[in-house]
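# Examination of the molecular architecture
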2 protein chains.
Amino acid sequence: MALPHTLITSGPTRQHLDPVRYLTNASSGQMGAALAAAALELGHKVTVVSGPVEVEYPNLCRVVPVVSTEEMLAAAAELFEDADGLIGAAAPCDYRPEVVASQKISKTGAPLELHLVETDDIVATLAARKGARWVVGFALETDDHRLRAIAKLERKHCDLIVSNGAEAMRSSHNSVEVLAPDGSTVGRFEGLKTDVARGILSVIDSRLCRPASR
Amino acid sequence: MALPHTLITSGPTRQHLDPVRYLTNASSGQMGAALAAAALELGHKVTVVSGPVEVEYPNLCRVVPVVSTEEMLAAAAELFEDADGLIGAAAPCDYRPEVVASQKISKTGAPLELHLVETDDIVATLAARKGARWVVGFALETDDHRLRAIAKLERKHCDLIVSNGAEAMRSSHNSVEVLAPDGSTVGRFEGLKTDVARGILSVIDSRLCRPASR
């Protein structure tokens, strides 16, 4: 029986306007690191694709650093080939400037019109080709958490989705609900991210890894 | 003779589009921390207004944390009242979305038009009311470094300007030129940021602090 190989995306990504300025978010990578540690504890082989963060990932996992959403998608798509499942814990920047200036944009006193287009959705893209593999998404919303999380699970073809609020960012604590495709809550965890991560991994392990009996 | 009191702005700032997404840059605060340490070595009293960074500032300086450019300007303006000079080493986000959404903007598949306006320039604003105090700016440019730096010095009424390139961001090294109002180079320093900071502080101390003979 081979070890389950779990791929985790973690941290923010950056979408540059020019060589200096970029769009991003405050994702710290703490939840991704905690999930990696919890998966290792359960005997998984773990690969993390991480945006720029200061957090330390466990020594026993392989970490592939990336900057932009395009880079995260490319790295995750390649690594997913060899994985049994994906936990999409990253907060990839989901808009990118349509035009990226090659030199720093000089201030002129005039407003700057920025034309943003959506980046490819990493979880949705990989879930569309998942086959027998499982995919767990994260939904970070500032309102209607539960409703929007279930809509995301369906739209992105996830096997489970973890719903949390923006207050989780940069915090060592988190409060999450794990939702199944039928809309039921299959786990509710609150506390230190390390403990919340163990709860989430326990649900994944029992519901998604065991049935495969690899 | 009172100790010179040096105010340093350091790190990036963030300008939010909504509660999750923001514009920023990769300033690490390392140069600001090195300048603070160098100023303390020369016997200055040091206050740092810092955007969100992971760097550790010296224990002996007072650190005032801020997030946005507006907050950095407000804090720096108040602290400048009691200071003898300002080193503007921060990389404040110089554009802000005209409208900030109170909830996370939902993706719709459509492009997002972002209307950005310039934030107030912290160094220029404080230099306009400096009186007998000195102001040292930083110019980070990706091309025409020297020319643009001198134009900035004049426009912002600085006493000196430190010119460097974008490669300084997130690096422990830097290569700078210190330029005077007559366009002359009064210092050129390259190496570890700690050593470059000592060079810059030495120029400030001899050219701007000593003449005041406080």
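Residues numbered from 1 in each chain as written. Chains lettered and ligands numbered in written order. Predicted model: local features only at pLDDT ≥ 70, side-chain atom pairs only at ≥ 80, totals over all residues. Heavy atoms only, no water.

Under an unreviewed UniProt entry, the name given to chain A is Coenzyme A biosynthesis bifunctional protein CoaBC, and the source organism is Pirellulimonas nuda.

All names here are of chain B. The buried count for strand β9 (residues 134-141) comes to eight of eight residues, which makes it a mostly enclosed element. Both strand β6 (residues 85-88) and β9 contribute to a ladder of four bridges, which runs parallel. Considered in β9, the bridge of Leu86 is made with Val135. Pairing of β9 with strand β10 (residues 160-165) involves six bridges; the strand directions are parallel. Residue pairing across strands places Phe138 opposite Val162, the latter belonging to β10. (Buried < 20%, exposed > 50% of the residue type's maximum accessible area, 1.4 Å probe, protein only. Helix = DSSP H or I, 4+ residues; strand = E, 2+ residues; numbered from the N terminus. Pairing = 2+ DSSP bridges.)

Our next topic: the relation of the copies chain A and chain B. When chain A is fitted to chain B, the best match, at an RMSD of 0.0 Å, comes from turning it 180 degrees and sliding it 0.0 Å along the axis. What we have between these two chains is a two-fold relation. An overlap of 100% is found between the interface residues of chain A and their copies at the interface of chain B, pointing to a shared contact surface. (Least-squares fit on C-alpha atoms with pLDDT ≥ 70 in both. Contact = heavy atoms within 4.5 Å.)

With that out of the way, let us pick up the UniProt feature "domain: DNA/pantothenate metabolism flavoprotein C-terminal" (unreviewed entry) in chain A. Following the UniProt record, the feature "domain: DNA/pantothenate metabolism flavoprotein C-terminal" (unreviewed entry) maps to residues 5-205 of chain A here. Across residues 5-205 of chain A one finds 27% helix and 33% strand; the C-alpha atoms that close the span lie 11 Å apart. (UniProt positions renumbered as here; feature names shortened; annotations may be inferred.)

A few words on the interface of chain A and chain B. With 38 residues of chain A at the interface, the matching set in chain B holds 38 residues. Across the chain A/chain B interface, buried area totals approximately 3,600 Å², and carbon plus sulfur atoms make up 48% of it. Remark: the boundary between chain A and chain B carries four salt bridges. Salt-bridge contacts for Arg21 of chain A lead to Asp94 of chain B; the nearest nitrogen and oxygen are separated by 2.8 Å. At seven residues, the largest contribution of residues to the side of chain A that touches chain B is made by strand β8 (residues 112-118) of chain A. As paired strands, strand β3 (residues 21-25) of chain A and strand β3 (residues 21-25) of chain B are joined by five bridges and run antiparallel to one another. Each bridged residue has a counterpart across the sheet, and for Asn25 of chain A the counterpart in β3 of chain B is Arg21 of chain B. (Buried area = accessible area lost by both parts, 1.4 Å probe. Salt bridge = Lys/Arg side-chain N within 4 Å of Asp/Glu carboxyl O.)

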